[in-house]
Amino acid sequence: MPGASVLARLVAGHRDRATEQMHAGMHQAALDADPELPNRLTGLLAVRISELEQPRRRPTRVSGGA
């Protein structure tokens, strides 16, 4: 019987492959449901600061002691 580390590597390898297959399946299902989804998500990533965050003041750093 193989050692624990060999079994752990085998299990990790199978888990990684199963995860990749699941992600690929979810990706394809999302594209089938809405082919424009990648374009809309890319547009959301381009917005760095939301309209609600714009009026907020940025943190300031006080230099010197009081």
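Some points on the overall build of the protein chain
Point 1. Scanning the protein chain from N- to C-terminus turns up two helices and zero strands.
Point 2. The 66 residues of the protein chain split such that 0% are buried.
Point 3. Here the protein chain displays about 6,500 Å² of accessible surface, and carbon together with sulfur accounts for 59% of that area.

A few points about the pattern of salt bridges
Point 1. If you walk through the whole model with that rule in mind, you get one salt bridge.
Point 2. Its salt-bridge partner being aspartate 34, residue arginine 40 comes within 2.4 Å of it at the nearest N-O pair.

Quick word on a nonpolar patch on the surface
Point 1. Judged by side-chain polarity, Val6, Leu7 and Leu10 come together as a nonpolar surface patch covering roughly 220 Å² of accessible area.
Point 2. Positionally, leucine 10 belongs in helix H1 (residues 4-33).

What counts, and at which threshold
Counting of residues starts from 1 at the beginning of each chain's written sequence and follows it residue by residue. Since the coordinates come from a predicted model, pLDDT governs what is reported: local features require at least 70, and pairs of side-chain atoms require 80 or more to be given and counted, while whole-chain, interface and lining totals use all residues. Based on all heavy atoms of the structure, the side-chain values leave hydrogens and waters out of the count. Only DSSP runs of H or I covering at least 4 residues are called helices, and only runs of E covering at least 2 are called strands; the numbering of each starts at the N terminus. Whether a residue is buried, partly exposed or exposed follows from its accessible area with a 1.4 Å probe, protein chains only, as a fraction of its type maximum: under 20%, in between, or over 50%, in that order. For the area figures, the Shrake-Rupley method with a 1.4 Å probe applies, and any residue is considered shielded solely by the protein chains shown. In what follows, salt bridge is the name for a side-chain nitrogen of Lys or Arg lying within 4 Å of a carboxyl oxygen of Asp or Glu. Patch membership is restricted to residues that have no salt bridge and whose relative accessible area is over 30%. Joining uses 9 Å for like charges and 5 Å for the nonpolar side chains Val, Leu, Ile, Met, Phe, Trp and Tyr.

All we've got here are geometric facts, nothing functional implied.
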